[in-house]
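# Observations on the model geometry
Residues per chain are reported as follows:
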Amino acid sequence: MKFMHIPGVEKAISRLIMGTGDLRKLEEPERTMLDAYIAAGGNMFDTAHQYRNKEKILGQWLAEKQLRENVVILTKGAHHDDGSPGRRVNPQAIRKDLMESLERLGTDYVDLYALHRDDPSVAVGPIIEELNEHIQAKRVRAIGASNWSFRRIQEANEYAASHNLIGFAFNSPNLSLAKANEPRWEGCVSADDETCSWHSRNQLPLLAWSSQAGGFFSGNFSPDNRADEEMVRVYYSENNWERYRRAVKLAKEKQVTPIQIALSYVLNQSFPTCAIIGPRNPEELQSSILSMNLELTSQEIEWLDLQREEIVK
């Protein structure tokens, strides 16, 4: 397992993050999968207040295994579709969601806390001030954003710097080799070229959700197969099919699979990245670990991204 660091968090963070979006119960094969992730050296879990029961299940398992101090928990709050109607990116909703998340997880702190959605009509000042109160109270070690534009993150961090406060230490948007035609879910943000350039200049860590584009590179989809309406809506485009063809070609050269190339693409950017994964069995986890250890050159990344016609060896 490879690791990285995020300011404010003492523990090293595994670059493969175990997602909990599909953690519906704590039985087999869920226990086997969680145990396999820990055995492989993984130590970071992604969850959210909006996922509701998933936080409770994760907290129960960590308590049973007595692993809380050995792992890193990222949870998210202030999702619009979570409880009270209307937009919820405000100090009251942030406080409510965080306190409830801590209770569900059975812990008095989370290592990373991110705002699940944004509301650009709300000034960044009160948001940063509220989050800093929780840092001071040691309920949170580092703060970040999920599904915020890089411009809003920059605005928030400039406010923090000018008021002697702690700003966002990470960003967690969608990043994958297949580029989204439109948001997969309302309010979601995908990292485009401009966002990646900003991350490269600032070296702000990016924790990518849907890093394998919903299995777009698995071989289970084709331009003629339009049965999955969500995949068609979000990922079907000629540019993405060309990226798929290039991933297939490079995979053959490196004797791996196209989906491993796609995950390696996320983990070989010019700025620090982690990938949130959702393996269904230990074999898929091992496939992701191979992807993490697969080195891609900057020329290969650019070629996969359609930024060059050929790779100069």
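Residues numbered from 1 in each chain as written. Predicted model: local features only at pLDDT ≥ 70, side-chain atom pairs only at ≥ 80, totals over all residues. Heavy atoms only, no water.

## Observations concerning the overall build of the protein
For the record, the criterion: In this text, helices come from DSSP runs of H or I with a minimum length of four residues, and strands from runs of E with a minimum of two, each type numbered from the N-terminal end. Note on method: radius of gyration uses C-alpha positions; expected globular size equals 2.2 Å times residues raised to 0.38. Residue contacts follow a heavy-atom distance rule, with two residues in contact if any of their heavy atoms lie within 4.5 Å. The method behind every accessible area is Shrake-Rupley, applied with a 1.4 Å probe, and residues are considered shielded solely by the protein chains displayed.
Looking only at helices and strands, the protein features eleven helices and ten strands. At 19 Å, the protein has a C-alpha radius of gyration in line with the 20 Å of a compact globule built from 313 residues. The long-range fraction of contacts in the protein, counting pairs at least 24 apart against all pairs at least 6 apart in sequence, stands at 75%. When the accessible surface of the protein is split by element, carbon and sulfur atoms take 47% of a total near 14,000 Å².

## Overview of the packing of aromatic side chains
Condition: Pairing of aromatic rings covers Phe, Tyr and Trp, the last counted by its six-membered ring, and requires centre-to-centre distances within 6.5 Å; plane angles under 30 degrees mean stacked, over 60 mean edge-to-face, and any other angle means tilted. Throughout, exposure labels follow a simple rule: accessible area from a 1.4 Å probe, protein chains only, divided by the maximum for the residue type, with under 20% read as buried, over 50% as exposed, and the rest as partly exposed. Lysine NZ or arginine CZ positioned within 6 Å of the ring centre and within 35 degrees of the ring normal marks a charge as sitting over the ring.
Counted under the stated rule, the structure contains 13 aromatic pairs. Seen from their ring centres, F150 and W198 are 5.7 Å apart, and the 35° between their planes marks the pair as tilted. With F150 in helix α5 (residues 150-162) and W198 in helix α6 (residues 193-202), this pair connects stretches of sequence that are 48 residues apart. For the pair F150 and W198, a shared accessibility class is recorded, and that class is buried. An aromatic cluster is built from F216, F217, Y235, Y236, W241 and Y244, whose rings are joined through pairwise contacts. The ring of Y109 carries the charged tip of R68 above its face, separated from the ring centre by 4.2 Å. Looking at R141, its charged tip hangs above the ring of Y109, at a distance of 4.0 Å from the centre.

## Some details on the pairing of strand β3 (residues 16-19)
Note the cut-off: Two strands pair under a simple rule: DSSP has to find at least two bridges between them. For crossovers, right-handed means that the path from the first strand over the helix to the second runs clockwise, given strands pointing away from the viewer.
In terms of strand pairing, β3 meets strand β10 (residues 273-277) through three bridges, oriented parallel. The residue of β10 that forms the bridge with L16 is A275. Strand direction decides the pairing type here: β3 and strand β4 (residues 44-46), joined by two bridges, are parallel. For G19, the partnering residue across the bridge sits in β4 and is D46. Regarding the hand of the β-α-β motif, the stretch spanning β3, helix α1 (residues 30-39) and β4 is right-handed.

## Description of the pairing of β10
Burial within β10 is extensive, with five of its five residues counted as buried. Burial along β10 is two-sided: T273, A275 and I277 and C274 and I276, pointing in opposite directions, are all buried. Across three bridges, strand β9 (residues 206-208) lies against β10 in parallel orientation. Within β10, the position partnered with A208 by the bridge is A275.

## A short note on the side chain of N147
The condition that has to hold: Counted as a polar contact is a pair of N or O atoms within 3.5 Å, where, for protein atoms, one must be capable of donating a hydrogen and the other of accepting one, and residues adjacent in sequence contribute only when both atoms are in side chains.
Following the sequence through the fold, N147 ends up in the loop between β7 (140-145) and α5. Side chain to side chain, N147 and S146 meet in a polar contact 3.2 Å long. In contact with N147, not counting residues within four places along its chain, are H116, R117, D118, S172, P173, G187, C188, V189 and W209.

## Quick look at the environment of G219
Inspection of the secondary structure puts G219 in the loop between β9 and α7 (229-235). The exposure class of G219 is partly exposed, given its relative accessible area of 44%. Separated by 25 residues in sequence, G219 and Y244 place their C-alpha atoms 9.1 Å apart.

## Let's talk about α6
For clarity, the cut-off: Directions from the helix axis toward the C-beta atoms define the arc.
Considered for burial, the residues of α6 that qualify are T195, C196, W198 and H199. Down the axis of α6, the sector holding all buried residues measures 160°, keeping them to one side. Exposed and facing more than 90 degrees away from the buried side of α6 are D193 and R201. Looking at the buried side of α6, the elements it contacts are α5, β8 (170-171) and β9. Positive backbone phi, at 55°, marks Q203, one or two positions downstream of α6.

## Re the layout of surface pockets
Rolled over the atoms, a probe as big as a water molecule pinpoints where empty space is left. We count it as follows: Every definition here rests on a 1 Å grid over the protein atoms only: cavities are sets of points where a 1.4 Å probe fits but cannot get out, pockets are open sets enclosed by protein on both sides within 12 Å along at least five of seven lines, and lining residues have some atom within 4 Å of a point. Grid points are joined across faces, edges and corners, and a volume is the space filled by probe spheres set on the points. Residue type decides the class: Asp, Glu, Lys and Arg count as charged, Ala, Val, Leu, Ile, Met, Phe, Trp, Tyr, Cys and Pro as nonpolar, and the leftover types, Gly among them, as polar.
Put simply, the largest pocket is a space of about 1,500 Å³. Lining the largest pocket are 47 residues; nearest its centre among them are G21, D22, I276, I277 and G278. Those elements that provide at least two residues to the lining of the largest pocket are β3, α1, β10 and α10 (282-292). Tallied by class, the residues present in the lining of the largest pocket amount to 15 nonpolar, 20 polar and twelve charged. Put simply, the second largest pocket is a space of about 270 Å³. The wall of the second largest pocket is formed by 16 residues, among which Q269, S270, I301, D305 and Q307 lie closest to the centre. Of all the elements in the fold, those that place two or more residues in the lining of the second largest pocket are α6 and α11 (298-304).

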